[in-house]
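Chain and residue survey
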Amino acid sequence: MSGLTFAAYLRDATRAHGALPADLIQTLETTADACCQISAALKRGALAGILGQAGSSNIQGEDQKKLDVISNDILLDAHVRGGHLAGMASEEMDDPFPIPEGQAQGRFLLLFDPLDGSSNIDINVSVGTIFSVLEAPAGSDAAEVAPFLQPGTAQVAAGYAVYGPSTQLVLTLGHGVDSFTLDPDSGDFVLTQEGMTIPAETQEFAINMSNQRFWEQPVQHYVGELLAGKTGKRGKDFNMRWVAAMVADVHRILTRGGVFLYPLDTKTFAKGGKLRLMYEANPMSWLVEQAGGAASTGRERILDIAPNGLHQRVPVILGSRAEVERVVDYHREI
Ligand code: AHG
Ligand code: MN
Ligand code: MN
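Residues numbered from 1 in each chain as written. Chains lettered and ligands numbered in written order. Predicted model: local features only at pLDDT ≥ 70, side-chain atom pairs only at ≥ 80, totals over all residues. Heavy atoms only, no water.

Quick notes on the overall build of the protein
- Helix and strand content of the protein: seven helices and 17 strands.
- The C-alpha radius of gyration computed for the protein amounts to 19 Å, which stays within 12% of the reference 20 Å derived for 334 residues, consistent with globular compactness.
- A separation of at least 24 residues holds for 63% of the contacts in the protein among residues at least 6 apart in sequence.
- Where the 26 positive side-chain charges of the protein centre and where its 40 negative ones centre are 8 Å apart. (Helix = DSSP H or I, 4+ residues; strand = E, 2+ residues; numbered from the N terminus. Rg over C-alpha atoms; globule rule 2.2 N^0.38 Å. Contact = heavy atoms within 4.5 Å. Lys, Arg positive; Asp, Glu negative; His and termini not counted. Charge placed at Lys NZ, Arg CZ, Asp CG, Glu CD.)

As C-alpha cells, this is what we get:
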C-alpha cells in the first residue's frame, strides 16, 4: 500500500472497511489541497510578506497572525468551491460559516484550526492544521451553531497536517491512523505510514512547565513523579518536550510515544481549559484513540463530551494509554 497517492488511497477498491462515499472523498481531497496551499504559503514566509500580526483578534481575544487569516481563507475558498459541505466552523471565525446560497451544498460540516501553534510562525518552527468532519443532521441549518455541537464520537473523519521539515497529513476514518508525506515535486500526498501506533511504554512527557504553580493537585503529583526519575516511584528517568504547537507534540507522540498535558489550571479555570474541544481536542483525541492511546480531561473521556459551544475549551491529557489512565486515577484519588 505504501506509495499510494492520497487520491488513490481514498478510492482504493480493496479497502477493508468498504468503499468511501464520493462526497467524503471530495471533502478530504479538498482539505488536503488546501493544506498543500497553506504549506506553500508557509514556505514562502517572509519572501511573501506574510509573517507577523494581522492587526485583528479572534473571538477568543487572541491576536491573529497574517497566516492565521490566510490559512483560514484558503480552507474557506477551497471548500466553497468544493461543493460537499453544508458549512464550516473555525478557531478564527466567531460564528459558523454556511456555504453561501448559489454554491453547491453538501451534507458535511468541517471544523478546523487553520493554523495551530501560530506563535511558532515567526520563529520558523513547526505549525499545523487540524480538521474534523461531521455529518450535518438532516434538515439542520449550518448557519446555526446547533448542528456543529456533536460529540467527538460522531466524527466521520479527522486529521491534521504538520508543516515541518516535510509536510505530512495524518488521517483517521475510524479504522486506524495513516500518514502521508507531501511530495514537493508532484504536489501529491503519498502514503508513507500505515497503522500508526502509540507505543504502550513511554519515557517522554509534554507540558508547559511554566504553568506548574497553577496546576491542580493530581497533575502536580503526576509530574512530580516523572521529575523524580530513577530514584522516585516510577523507577525511570523521563525526558520532556514542548513544541508549543499541539499538532507537532501529538505528531511526536503518534510517532514515538509519550503523553501530552494541557490540564485545567487556575489561570484557565474560568474558561474551562486552554485548548478548544471542537477543532483541537476532539480530532486529536480520536486520532490518539485510533492509534491505541487514550484521551481524557482527567475526569472524562474527551470524545464523550456533549459540546456546549463552538469555541468551548477543555483540559487535555492524551497519549500513551497507561500514562493517561494513571493521571485519570490521580484525579479520582487525590
Ligand atoms: P493556536 O496557535 O491554534 O492558538 O494553538 C496553540 C495551542 C496549542 O497548539 C499549544 O499546545 C498551546 O496552545 C501552547 O500553549 P502555551 O503557549 O500556553 O504553551
Ligand atoms: Mn491550535
Ligand atoms: Mn490556530
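Topic: the coordination of the manganese ion (ligand 3)
- Looking at the manganese ion (ligand 3), the protein donor atoms are Glu-91 (OE), Asp-113 (OD) and Leu-115 (O), and they sit 2.2 Å from it.
- Read N to C, the donor residues that coordinate the manganese ion (ligand 3) are spaced as E-x21-D-x1-L.
- A spacing of 3.8 Å is found between the manganese ion (ligand 3) and the manganese ion (ligand 2), which share Asp-113 as a donor. With Glu-91 in the loop between strand E3 (85–90) and strand E4 (97–98) and Asp-113 in strand E5 (residues 108–116), this pair connects stretches of sequence that are 22 residues apart. With respect to burial, Glu-91 and Asp-113 carry one shared label: buried. (Donors = N, O, S within 2.8 Å, 3.2 Å for Na, K, Ca; no water. Buried < 20%, exposed > 50% of the residue type's maximum accessible area, 1.4 Å probe, protein only.)

Regarding the sheet that holds strand E12 (residues 239–240)
- One open sheet holds the five strands; their spatial order is E12-E11-E13-E17-E15, and the pairing between them is mixed. With partners counted over all chains shown, the strands left at the sheet margins are E12 and strand E15 (294–296), one partner each.
- With three bridges connecting them, E15 and strand E17 (residues 316–319) associate as antiparallel partners. Bridging from a neighbouring strand, Ala-295 pairs with Leu-318 of E17.
- Packed on one face of the sheet, helix H5 (residues 246–256) meets strand E11 (204–206), strand E13 (259–262) and E17 and runs near 30° to E17. (Pairing = 2+ DSSP bridges. Axes fitted to C-alpha atoms, helices over the stretch in contact; angles between N-to-C directions.)

Regarding the pairing of E13
- By the alternation rule, side chains of E13 split into Val-259 and Leu-261 and Phe-260 and Tyr-262, which are all buried.
- As judged from the two bridges shared by E11 and E13, these two strands associate in the parallel manner. Counted as the bridge partner of Phe-205 is Val-259 from E13.
- Bridge count for E13 against E17 is four bridges, and the pairing is antiparallel. Looking at the pairing, Leu-261 lines up with Ile-317 of E17.

Here's the deal with helix H4 (residues 217–228)
- When the terminal C-alpha atoms of H4 are compared, their 16 Å separation across twelve residues agrees well with the 16 Å that a helix rising 1.5 Å per residue should span.
- For H4, the set of buried residues is Pro-218, Val-219, Tyr-222, Val-223, Glu-225 and Leu-226. Across the axial projection of H4, the buried residues extend over an arc of 150°, all falling on one side. Those residues of H4 that are exposed and aimed more than 90 degrees away from the buried face are Gln-217 and Leu-227. (Expected span 1.5 Å × (residues − 1). Arc of directions from axis to C-beta.)

Quick notes on the domain arrangement of the protein
- Its domain assignment divides the protein into domain 1 (6–193) and domain 2 (204–332).
- Each of domain 1 and domain 2 has a C-alpha centre, and the two are 24 Å apart.
- Taking both partners together, domain 1 and domain 2 bury about 2,800 Å²; carbon and sulfur atoms supply 66% of that area.
- Along the contact surface separating domain 1 from domain 2 lie three salt bridges.
- One salt bridge in this structure joins Arg-313 and Glu-62, with 3.6 Å as the shortest N-O distance.
- In this assembly, domain 1 and domain 2 are joined by 16 residue pairs in polar contact (both at pLDDT 80 or more).
- Of all the elements in the fold, those that place two or more residues in the side of domain 1 that touches domain 2 are E3, E5, strand E6 (127–135), strand E7 (157–163) and strand E8 (167–172).
- The greatest single-element share of the side of domain 1 that touches domain 2, amounting to six residues, is contributed by E7.
- Here the side of domain 1 that touches domain 2 is built from residues that sort into 23 nonpolar, 18 polar and six charged. (Domains from an automatic or database assignment. Buried area = accessible area lost by both parts, 1.4 Å probe. Salt bridge = Lys/Arg side-chain N within 4 Å of Asp/Glu carboxyl O. Polar contact = N/O pair within 3.5 Å; in protein donor to acceptor, adjacent residues only side chain to side chain. Nonpolar A, V, L, I, M, F, W, Y, C, P; charged D, E, K, R; others polar.)

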